[in-house]
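Residue-level listing of the chains:
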Amino acid sequence: MPGGQPQEISRIKRFSTLICSSWTLIGTVGLLVLYFVYQRGADTNWDLECYHYYNGYALLHWRFPLDIMPAGFQTYFNPVPNLLTYIAYSSLPFPFDAWLITCVQLLCLPLLWLIGLEISRDLGYEKPGVALVLAFLLSLAAPVWMSELGTSFFSSTTAVFVLLSLLCCLRSVAPSTTPRTRDRYVALAGVSIGLAFSMKLSNGLFEVGLLSAIILPLAFRNIRQAIRSSLIFCIFSGVGFAINGWWYVYLAKEWGNPVFPLYNAIFKSSYFPPVNLGFEKFNFESISSLIKFLVSCVNGTARTQEIIFADARLLIFPVLLVICFLVLGVRVIISGRRGFSQTEGSVCVAFLSFCCVSFALWAKILAGQRYLIPVELVLGFAIWILAIKIYPNKKVISVVLALCIVVALVKIKVPNWGHYLAKNKPINHFGMQIPPELINQPANYLMYGFPNAFIIPYLHPDSRFYRLETDTIASPSSFAKLIHNALAKRPNYPLRLLTFKLELEAARSTAAKLGYPLPEAKVGSCLHFFATGGHNSGQYVSCEISLDTPGPVKIPTKNPVK
């Protein structure tokens, strides 16, 4: 039609403008984040020095059968996410190492924008506008996510897979989605969350939240459709998990527990006490303690992690949720109107279901703040939905969102897990200054103290490393036997004690209990070396244990060992 061409051109122009403005916003935020990461300095968090760096190295060089718990029980967490950390920090100087990790974490940005577009359409906006931008920016006022940017912490990295799964779930329940397309979205959502779950087990709670996001809106329309989609989601989440499932098969074969050493009260590996490791110190004792936590989030709290953070949105969201339920209840009583119809609002129902179920499971099971990052990243959209359901005036909503951003930014406290100024430094993330004797000569090392496993990749690759203080983290007799057997297979290699200078006496005492005493005369000949910017900068020592010292004592064991 003659009149149709200008209309079509106008649509193309609007679409092009939307794409350009979206990428301009995302690009601007990304550049600001890269500058923030640069200004903060090089990452030196405790977990990086304890197991993040070592686990990536161990995976790349497959050292897990060679060393015995060198990084503590975290040695046996899935090492796949740590591979990026090791490659970045061992191959690139600062800030390019941090920027490489940051760029992966920033994949959340386009996914968040696309999630916002789905919500915007579901809320009845004809085109993306100010409210979407404000909700997007409010979502990014996420202090714990910000604290992980450019660091080895990977809750923010696996959050990319959780958000991709959420986006697919929202698209699957949209009224305009055809059954065949819905199946594809649900399958992709399952694979994505399965991957996230396999890389970090705490992401399992989001799998339940996503499943509720599929079932709840579809059940209102067609219960058979809801059952079919939930089955597809579960099957393909299993497929996603199986991609990294080899790691859990390895743990089951080698240590008698597929998630060793977690949930050992269930799997009962003889190498670890029969307890279920958890984060009981963060658990909420009651509903009132949870409410107190939400209130304390406004000004700052360390209730759910080791370092103080502040996030006012964590209080704004539940307050608006309660108000929304009250308002919708009054509307139903007075006029019989529903807040959400069977088709309109299904995306918002799915989204809020994901947020509420995931948050409830987090509060009940984990309560560690870093594990909540995927929900933390979408709180701006949740506040947007609730606000417009309470008072559906789009101009007022923009003002409300702007005020929420101001409050969030004024109150925000971003945790600092440890950084040091290392601008334009060469490739040596920890500033290691290792004596040539330790680099050029392979040896057996008895390790003591945390964190020090990050030193291992800098020593001779034919060396072996065995953790001494297993009596506090594992079944002592079983691990003592493993260490003795491993040392007996390498009798011609020097035996060294690797620890902190300040903990040398404690390390000597522990080594002596295992039958490897370090004579007083040898203490003075210990090699001292340094790691600038770390938690124990300049305090590391390596002491050689004489080969003519008494052999290992025989330690009785009650449990069968390898």
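Owing to the predicted nature of the structure, the values given are computational and were not obtained by experimental measurement. (Residues numbered from 1 in each chain as written. Predicted model: local features only at pLDDT ≥ 70, side-chain atom pairs only at ≥ 80, totals over all residues. Heavy atoms only, no water.)

Q: Before we go on, may I ask you to explain the confidence of the model for the protein in this structure?
A: Parts of the prediction with low pLDDT should not have their coordinates interpreted in detail. For the protein, mean pLDDT is 88; residues scoring 70 or higher make up 87% of the total. Considering only residues more than four positions removed or in separate chains, one finds that residues 549-562, a stretch of pLDDT under 50, has 33 contacts. (pLDDT = per-residue confidence, 0-100. Contact = heavy atoms within 4.5 Å.)

Q: Would you take a moment to explain the pairing of strand β8 (residues 540-545) for this structure?
A: The side chains of a regular strand alternate, first on one face of the sheet and then on the other. Most of β8 is tucked away, with five of its six residues classed as buried. As paired elements, strand β6 (residues 495-500) and β8 share six bridges and run antiparallel to each other. Each bridged residue has a counterpart across the sheet, and for L498 the counterpart in β8 is S542. Sheet topology places strand β7 (residues 527-531) next to β8; three bridges connect them, and they run antiparallel. Bridge assignment links F529 to a residue of β8, and that residue is Y540. (Buried < 20%, exposed > 50% of the residue type's maximum accessible area, 1.4 Å probe, protein only. Helix = DSSP H or I, 4+ residues; strand = E, 2+ residues; numbered from the N terminus. Pairing = 2+ DSSP bridges.)

Q: How should I be thinking about the nonpolar core in this particular structure?
A: One recurring pattern in soluble globular proteins is that nonpolar side chains are buried together. Among the nonpolar cores identified, the biggest contains 105 residues, and W145, F351, F381 and W384 are the most heavily contacted of them. Per-element tally for this core: the top contributor is helix α16 (residues 346-366), with 11 residues. Contacts of F351, omitting those with residues within four sequence positions, involve I115, I119, L166, L170, V378, F381, A382 and I385. Among the nonpolar cores identified, the runner-up in size contains 68 residues, and W255, L459, C526 and V541 belong to it. (Core = buried A, V, L, I, M, F, W, Y, C linked by side-chain atoms within 4.5 Å.)

Q: Explain the sheet that holds β6 here, please?
A: What holds strands together in a sheet is hydrogen bonding between their backbones, with the strands either parallel or antiparallel. Taken in spatial order, the six strands of this open sheet run β3-β7-β8-β6-β4-β5, and their pairing is mixed. Among the strands making up the open sheet, the edge pair consists of β3 (432-433) and β5 (464-467). Sheet topology note: the β3/β7 ladder contains two bridges and is antiparallel. Each bridged residue has a counterpart across the sheet, and for M432 the counterpart in β7 is A531.

Q: Is there a simple way to think about helix α15 (residues 313-335) in this case?
A: Compared with the 33 Å implied by 1.5 Å per residue over 23 residues, the 32 Å span of α15 between its first and last C-alpha is a close match. Within the sequence span of α15, burial applies to R313, L314, I316, F317, L320, L321, C324 and L328. (Expected span 1.5 Å × (residues − 1).)

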